[in-house]
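Given next are the chains, with one letter for each unit.
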Amino acid sequence: MESIAARRQRLLGPNLPTFYDEPVHLVRGEGVWVWDADGRRYLDCYNNVPHVGHAHPAVVAAVAEQTAKLATHSRYLDETLLDYVEALVATFASPLDCALLTCSGSEANDVALRMAQAATGSTGVIATDHTYHGNTALVSQLSKAKTPIGGHAANVRHVPAPDCLREPRSDSADGEAAFATAVRAACEDLRRSGHGVAALIVCPYFANEGFPTLTPGFLQAAAAAVRDFGGLLIADEVQSGFGRTGESLWGHDRANVLPDIVTLGKPMGNGYPVAGVVTSADIMGEFRERYRYFNTFAGNPVAASAAHAVLRVLDEERLVENADSVGNYARAGLRELQRRHPVIGNVRGSGLFFGAEMLIDGDPARPATEFTARVAEAMRANGVLLNRLGIHYNTLKIRPPMPFSRANADRLLETLDRVLGELAPA
Ligand code: PMP
């Protein structure tokens, strides 16, 4: 009989990766747990889309009720959307008072870049050299993982991604200054080349860069540099938003900066495809004047209902506080493990987005990349789903649904302890 993997390749085409050497065939989820087709249960320490928990009944009900009532688009008067946007923008500081919904984080970033270009009249964009902001033609120019056909666009500049273990360390004044200097140099270059500066786009948590520890004001001087050149700061909160990092609802609050534009996605609808862009009325107005933008599905009443349910559950179940306290507890546990397993070079993160960078002999010049891949595989074999990321792909990425408990953290830590005891770094 044809395997699911073979069927997948036949129907979806080649070169389509899965997680794990032995891919997991998931059929059901509830809270922080998922089950495979053989009835095996896994602790989900990876998925941030089911933000308030897999199959949360309040979100399921919101989607079902609204689908049963009306599913149109945003060109009719619809208070479902307005009620949601009102609740959403109330969580942002002034002047971030307006929102536009999209269907994906990529699309949100695409719109954000065009907003910045409309508002500044310039086209230059700056991003880090180890980032991912999505996959539209415009946004994929920001990623260096694969060179775009024809090379990177002339209006894009990359600055070195922050790193807290290698010089200049991002948790030091030197690292903060080096980042700002690189951004300023990119601005000067964009001005010289005639593109001018539209925006610096960064995840305020630098999630895809491996969430390095930062100085408290790490982004401030870089933002000031961009603004000196007439550009805007776009905070990509697709990963860091909705309380993930525990200390506040938004990663930019934690980073002590006020962006001009914020993009949202992944956890926003707990799995229902909804993403968005939050900005000021002025910038939104400039965008609407320069671009004709409409999207059939974005901001439809079902999407708005799903997203509104997520905001309510976050509040009612005090999940941001939970992220903070369970995250701290889990990191303390990881530090305990570090005493027994020297391959754990650095424990870091915030809220329920944390991990450990693996190093051979504690040497930042020797990232334990292959070992970290084996750890992720072994954790999966032991019923815990997590993965790895970072500049050297040697950092365990732990980012569970927000109702993750201390008991769940204990299970994660016990399993990791066992796996690290069994595997020896090469
Ligand atoms: N921004 C960031 C920071 C992301 O991590 C991602 C997805 N991993 C995106 C944007 C793109 O979002 P989407 O997959 O919804 O297009």
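Up top is the structure.
As the structure is a prediction and not an experimental result, all values here were calculated from the model.

Quick notes on the rules
- Residues numbered from 1 in each chain as written.
- Predicted model: local features only at pLDDT ≥ 70, side-chain atom pairs only at ≥ 80, totals over all residues.
- Heavy atoms only, no water.
- Helix = DSSP H or I, 4+ residues; strand = E, 2+ residues; numbered from the N terminus.
- Buried < 20%, exposed > 50% of the residue type's maximum accessible area, 1.4 Å probe, protein only.
- Contact = heavy atoms within 4.5 Å.
- Near = heavy atom within 4 Å.
- Polar contact = N/O pair within 3.5 Å; in protein donor to acceptor, adjacent residues only side chain to side chain.
- Areas by Shrake-Rupley, 256 points an atom, 1.4 Å probe, with all protein chains shown as cover.

Asker: How would you sum up the environment of Ile398? Please name residues and give values.
Answerer: The residue Ile398 is located in the loop between strand E15 (395-397) and helix H12 (406-422) in this model. When its relative accessible area of 1% is taken as the criterion, Ile398 is described as buried. Residues Ile398 and Val24, 374 residues apart in the sequence, show an inter-C-alpha distance of 17 Å. Filtering out sequence-adjacent residues up to four positions away, Ile398 remains in contact with Cys45, Leu352, Phe353, Phe354, Gly355, Leu386 and Leu412.

Asker: Tell me about unusual backbone geometry, residues and numbers included.
Answerer: Omega for the bond connecting Ser94 with Pro95 falls within 30 degrees of zero, at 5 degrees, which places this linkage in the cis form. Looking at the element boundaries, Pro95 is found in the loop between helix H3 (79-89) and strand E4 (98-102). Between Glu167 and the following residue, Pro168, the backbone shows a cis peptide bond with an omega angle of -5 degrees. A positive phi angle is found at Phe242, which is not glycine, with a value near 60 degrees. One can find Phe242 in the loop between strand E8 (232-236) and helix H7 (251-254).

Asker: So what's going on with the site of the ligand? Which residues, and what values?
Answerer: Taken together, Ser104, Gly105, Ser106, Asn109, Tyr132, His133, Gly134, Asn208, Asp236, Val238, Gln239 and Lys266 form the complete shell of residues around the ligand. Ser106 is positioned such that a nitrogen or oxygen atom in its side chain is 2.5 Å from an oxygen atom of the ligand. One nitrogen or oxygen atom from the side chain of Asp236 is found 2.6 Å from a nitrogen atom belonging to the ligand. Calculation on the ligand without its partners gives an accessible area of 390 Å², and the protein chains cover 83% of this total.

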